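# Notes for the structure review
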Amino acid sequence: AHRLYDILLVLKLEGRLSTFEIDDMVTKHREVGFDSRHTIAVVDENPESRPDTRFAGDVGTVRGLGGAVFESEEEAIRWLLERRKDEGSSPMALR
């Protein structure tokens, strides 16, 4: 069995997020099983909502989730692959 802990999450948000929506986003990730073993690269392609997504990332960090927010998929994938290389793991891609 493969243990996949590197996650690429691409968001297609419209508008801004409320504090409630940010809290709910982080809570849902915990509920589906994301924890400190996971590294989540979040891509928010909407410049308007990106500050809110970055804040959600900060909230997630406080709650034990690890990751970063990016403007593009290419940037996020490069970051995930670099982290894998630094850990001595081989990357695995699923599409």
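All values derive from a computational prediction rather than experimental measurement.

As a further point, take the overall build of the protein. On a plain count of helices and strands, the protein comes out with three helices and three strands. When the helices and strands of the protein are read in sequence order from the N terminus, they spell out β-α-β-α-β-α. By the burial criterion, 32% of the 95 residues in the protein qualify as buried. Within the protein, counting contacts between residues at least 6 apart in sequence, those at least 24 apart form 82% of the total. In the form shown here, the protein has an accessible surface area of approximately 6,400 Å², with 52% of it arising from carbon and sulfur atoms.

With that out of the way, let us pick up the sheet that holds strand β1 (residues 6-11). The three strands lie next to each other as β1-β2-β3, forming an open sheet whose pairing is parallel. At either end of the open sheet lies a strand with only one pairing partner, and these are β1 and β3 (66-70). The mean inter-strand angle of the sheet, taken between neighbouring strand axes irrespective of direction, is 20°. Bridging between β1 and strand β2 (residues 39-44) involves six bridges; their strand directions are parallel. If you follow Val10 over to β2, its bridge partner there is Val43. Lying over the sheet, helix α2 (residues 50-62) contacts β1, β2 and β3, oriented at roughly 170° with respect to β3.

About the criteria used
- The residue numbering used here restarts from 1 in each chain and proceeds along that chain's sequence as written.
- Restriction of local features to residues with pLDDT of at least 70 applies here, the model being predicted, together with a cutoff of 80 or more for giving and counting side-chain atom pairs; totals for whole chains, interfaces and linings are based on all residues.
- In computing side-chain properties, one takes all heavy atoms of the structure into account and sets aside hydrogens as well as water.
- Here a helix means four or more residues in a row that DSSP labels H or I, a strand means two or more in a row labelled E, and each is numbered from the N terminus.
- Exposure classes here rest on a 1.4 Å probe applied to the protein chains alone. A residue is buried below 20% of its type maximum, exposed above 50%, and partly exposed in between.
- Here, two residues are considered to be in contact whenever any of their heavy atoms come within 4.5 Å of each other.
- Note on areas: these come from Shrake-Rupley sampling with a 1.4 Å probe, and a residue is covered only by the protein chains present in the view.
- Strands were regarded as paired on the criterion that DSSP finds at least two bridges between them.
- With axes taken as lines fitted to C-alpha atoms, and helix axes fitted only over the stretch in contact, angles between N-to-C directions fall between 0 and 180 degrees.

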